Amino acid sequence: MELNFKAYTRFYLILLGVLALGALYTTHLFSFLLFHTISEMISIGIAWGLFMLAWNLRDLSEDRAFIFIGIAFLFTGAIDLLHTLAYKGMNVFPESGGANPATQLWIAGRYFQSISLLIVPFIIKRRINYGLIFYVLFCITLLLLASIFYWKVFPVCYIEGQGLTRFKIVSEYLISLILVLSVFSLLRKRDFFDAEMLRLLLLSIGLLIISELAFTFYIKVYDLSNATGHLVRIVSYFLLYKAIIGTGLKKPFNLMFRSLKQSEMELLKINERLHEELESKEKAEIGLKHAVEELERSNKELEQFAYIASHDLQEPVRMVGNFTQLLERRYKDKLDNKALEYISFAVDGAQRMQLLITGLLKYSRITTHARDYSAVDCNMVLGSVLKNLELSIRESRAIITSGVLPTIMADEVQLTQLFQNLISNAIKFRRGSEVPEVHISSVQKNEKWLFSVRDNGIGIDPQYGERIFQIFQRLHTRSEYPGTGIGLAVCKRIVERHGGKIWIESELDKGTTFYFTFSMN
């Protein structure tokens, strides 16, 4: 029942429209001037109605095409109003020069209208300044009017007794072509338009094209083709009304917020993607957590193994060394030089193995046998280290100096081991017979204590700045400088256990400075 009512209503409205157009056409038989004035005022009313709705909804609507068309049609309507007033017989501009000014205004208005419709598809997704658009279109309108009434440079469109000029006819075809291009542009952007609005908009432009073509045939301004063109134009404007004003008033949400659904779909896709990324991140974090836990467990097991292995290996290695030396002493007279040389190699190997095991045991004890932190006076620790190294200091005639050192929270045994390793290295890696000089100092920096141990030794090539802190890594042969390659690895582990960092600044043959940090807390 409701559908029948709507169908009847639509039928009677169409019938009423046809009768109204018929009545309007009848006026042309008695007074073409009256017909022209009424038809133009209808078009102007629709154009300005579009502007009023669009301008008042510019802050609410996301429909940029609707707003732009509304602004453009304000000025199209203004040009059409002047065209109506300048029409032959209106006598509003008595010195205007016959029908030519009205025809010029007509062509100017059609160019303005068609180009505006062509621009519409290109601004749908752009952020535009409506105030700026209004100002630009206003200036263009003033320039067109000045070219007709003030500068009088606009091409002649109508000559009395001859009819339309070539410029006017070519312009109508060119305007039709611009409207055709606007149809193709709208079809390419069809996804951004409400389906009903797009259909009516295309029909409206199609009738505008027919209207323009009709205006190319008349010779006199009162000819039938001229009247037909105006009637078709009224129908075109009515469809434009249906497309924008009708749809905007009856389906405001479809017109003003038709992009809401698209935005919602985009947000859903973004949400799904974020959800997937979040799940992936959570899985990665869980995997990373398990990996860290497994690594910590493996490290603890490895440290425990290293400690047990090195501890248990000490006795067998010591026995090998002792019994080999005993063999050498007891059977020295009965063995030839080759056998004694082999025994010497075995003893040396056992001693080096014992040193490596001792170093490995020290390295593993940094965490397995670590003590709790306590307040440690670094000056006292340095004094203890110098006593431990008293013999090597005296033999090398080393000069050890220091500034005033702070009291820090640390493991005293490990701090002693750290200073002792660095100072003993500084003494060991001296340059020939030159007296080694070592200076220990500290400064407060960024809530940390920065310590430095500077020497005048052989120096280190900067490219090995990281390698020297790796366990069992040596830069020199044992014949040049004895050692196991564990000392600096122990230093790094001690510093890192206390939350600090250790690094070097060095230059070959100019000495080395070891820097390390300890937290003030």
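These numbers were taken from a predicted model, which means no experiment stands behind them.

J.: Sorry, what's going on with the side chain of serine 182 here?
T.: By the secondary structure assignment, serine 182 is in helix α6 (residues 166–188). Exposure remark for serine 182: the relative accessible area of 0% places this residue in the buried category. Sequence-distant contacts of serine 182, that is, excluding residues within four places in its chain, are made with Leu117, Leu118, Pro121 and Ile205.

J.: It is not clear to me how helix α3 (residues 64–85) should be interpreted in this structure. Could you clarify?
T.: Residues three or four positions apart in an α-helix share a direction because the helix packs 3.6 residues into each turn. Taking 1.5 Å per residue, 22 residues should reach 32 Å; α3 reaches 32 Å between its end C-alpha atoms and fits that length. With 18 of 22 residues buried, α3 lies mostly within the body of the structure.

J.: Mind showing me how you'd approach the pattern of salt bridges here?
T.: Two side chains with opposite charge may pair up if their charged atoms get near one another. Under the counting rule described, the total for this entry stands at 10 salt bridges. One salt bridge in this structure joins glutamate 172 and lysine 168, with 2.6 Å as the shortest N-O distance. Of this pair, glutamate 172 and lysine 168 both sit in helix α6, 4 residues apart, which is roughly one turn of that helix. Taking the relative accessible area as the measure of exposure, glutamate 172 reaches 0% and is therefore buried. Ionic pairing is found between aspartate 411 and arginine 497, a salt bridge with its closest N-O pair at 3.1 Å. Of the two residues, aspartate 411 is situated in the loop between β5 (407–410) and α14 (412–428) and arginine 497 in helix α15 (residues 487–497); the sequence distance between them amounts to 86 residues. You can call arginine 497 partly exposed: its relative accessible area is 25%. By sharing partners, the salt bridges in this structure join Glu40, Asp80, Arg110, Glu212 and Arg233 into a single network.

J.: Where do I start with the sheet that holds strand β8 (residues 502–506) in this structure?
T.: Paired through backbone hydrogen bonds, the strands of a sheet run either parallel or antiparallel to each other. The mixed open sheet is built from 5 strands, whose spatial order is β4-β6-β7-β9-β8. Every interior strand has two partners, whereas the edge strands, β4 (399–402) and β8, have only one. Strand-to-strand twist across the sheet, computed as the mean angle between neighbouring axes with direction ignored, equals 20°. Along the sheet face, α14 touches β4, β6 (437–445), β7 (448–455) and β9 (512–519) and points at about 170° away from the line of β9.

J.: So what exactly am I meant to see when it comes to a nonpolar patch on the surface here?
T.: A cluster of nonpolar side chains, namely Leu174, Leu177, Val180, Leu181 and Phe184, defines an oily patch on the protein surface of about 430 Å² accessible area. Summarising the element assignment, leucine 181 is placed in helix α6.

J.: Is there a simple way to think about the packing of α3 against helix α4 (residues 100–119) in this case?
T.: In helix packing, the relevant descriptors are the interaxial angle and the interaxial distance, both defined with respect to the helix axes. Interaxial distance between α3 and α4 falls to 8 Å at its minimum, and their mutual angle equals 175°. Regarding the angle of α3 to α4, the classification is roughly antiparallel. Each of Phe68, Ile69, Ala72, Phe73, Phe75, Thr76, Ile79, Asp80, Leu82 and His83 in α3 lies in contact with α4, whose residues at this interface are Ala102, Leu105, Trp106, Gly109, Arg110, Phe112, Gln113, Ser116, Leu117 and Ile119. For the contact of α3 with α4, the per-class residue count stands at 13 nonpolar, 5 polar and 2 charged.

J.: Any chance you could explain the packing of α3 against helix α5 (residues 130–150) here in plain terms?
T.: Across the interface, α3 lies against α5 with an axial gap of 11 Å and an inter-helix angle of 25°. The angle between α3 and α5 places the two elements in the roughly parallel class. Of the two possible hands of crossing, α3 and α5 adopt the one that is right-handed. For the pair α3 and α5, the contacting residues are Arg64, Ile67, Phe68, Ile71, Ala72, Leu74, Phe75, Ile79 and Leu82 in the first and Tyr130, Ile133, Phe134, Leu137, Phe138, Thr141, Leu144 and Leu145 in the second. When grouped by side-chain class, the residues that make up the contact of α3 with α5 number 15 nonpolar, 1 polar and 1 charged.

J.: How should the nonpolar core be read in this particular structure?
T.: The nonpolar side chains of a soluble globular protein tend to be buried with one another. Formed by 63 residues in total, the largest nonpolar core has its most connected members in Phe73, Phe193 and Ile244. Secondary-structure elements contributing two or more residues to this core are α2 (32–56), α3, α4, α5, α6, α7 (195–214) and α8 (224–250). It is α3 that provides the largest number of residues to this core, a total of 11 residues. In this structure, Val385, Ile400, Trp449 and Phe518 belong to the second largest nonpolar core, which totals 38 residues.

J.: Any chance you could explain the pairing of β8 here in plain terms?
T.: Residues in a regular strand project their side chains so that they alternate between the two faces of the sheet. Only one face of β8 is covered, namely the face carrying Ile502, Ile504 and Ser506; the face carrying Trp503 and Glu505 is uncovered. When β8 meets β9, the two strands line up antiparallel, connected through 5 bridges. Residue serine 506 lies in a different strand from β9, and its bridge partner there is threonine 512. Counted along the chain from β8 to the antiparallel partner β9, the turn is 5 residues long, and its residue aspartate 509 has a positive phi close to 65°.

Scoring rules and cut-offs
Starting afresh in each chain, residues are numbered from 1 along the sequence in its written order. Owing to the predicted nature of the model, reporting of local features is limited to residues with pLDDT of at least 70; listing and counting of side-chain atom pairs is limited to 80 or more, with chain, interface and lining totals taken over all residues. Only hydrogens and water are removed before side-chain values are computed, so all heavy atoms of the structure are retained for them. Secondary structure counts use DSSP, requiring at least four H or I residues in a row for a helix and at least two E residues in a row for a strand, with both numbered from the N terminus. Partly exposed residues are those whose accessible area sits between 20% and 50% of the maximum for their type, while under 20% is buried and over 50% is exposed, using a 1.4 Å probe and protein chains only. By definition in these notes, contact holds between two residues if any of their heavy atoms fall within 4.5 Å. Multiplying one less than the number of residues by 1.5 Å gives the expected span of a helix. The term salt bridge refers to a pairing of a side-chain nitrogen on Lys or Arg with a carboxyl oxygen on Asp or Glu at a separation within 4 Å. We call two strands paired when DSSP finds no fewer than two bridges between them. In this analysis, axes come from line fits to C-alpha atoms, helices being fitted only over the stretch in contact, and the angle between any two N-to-C directions falls in the range 0 to 180 degrees. Candidate patch residues must exceed 30% relative accessible area and have no salt bridge, after which like charges are joined if within 9 Å and Val, Leu, Ile, Met, Phe, Trp or Tyr side chains if within 5 Å. A 1.4 Å probe and the Shrake-Rupley method give the accessible areas. Residues count as covered only by the protein chains that appear here. Note that the term roughly parallel is reserved for angles under 35 degrees, roughly antiparallel for angles over 145, roughly perpendicular for angles of 65 to 115, and oblique for everything else. Only Asp, Glu, Lys and Arg are considered charged in this grouping, and only Ala, Val, Leu, Ile, Met, Phe, Trp, Tyr, Cys and Pro are considered nonpolar; every other residue, Gly among them, is considered polar. The handedness criterion is simple: a crossing whose near helix is rotated anticlockwise from the far helix by less than a right angle is left-handed, and one whose near helix is rotated clockwise is right-handed. We define a nonpolar core as any set of buried Ala, Val, Leu, Ile, Met, Phe, Trp, Tyr and Cys residues linked to one another through side-chain atoms lying within 4.5 Å.

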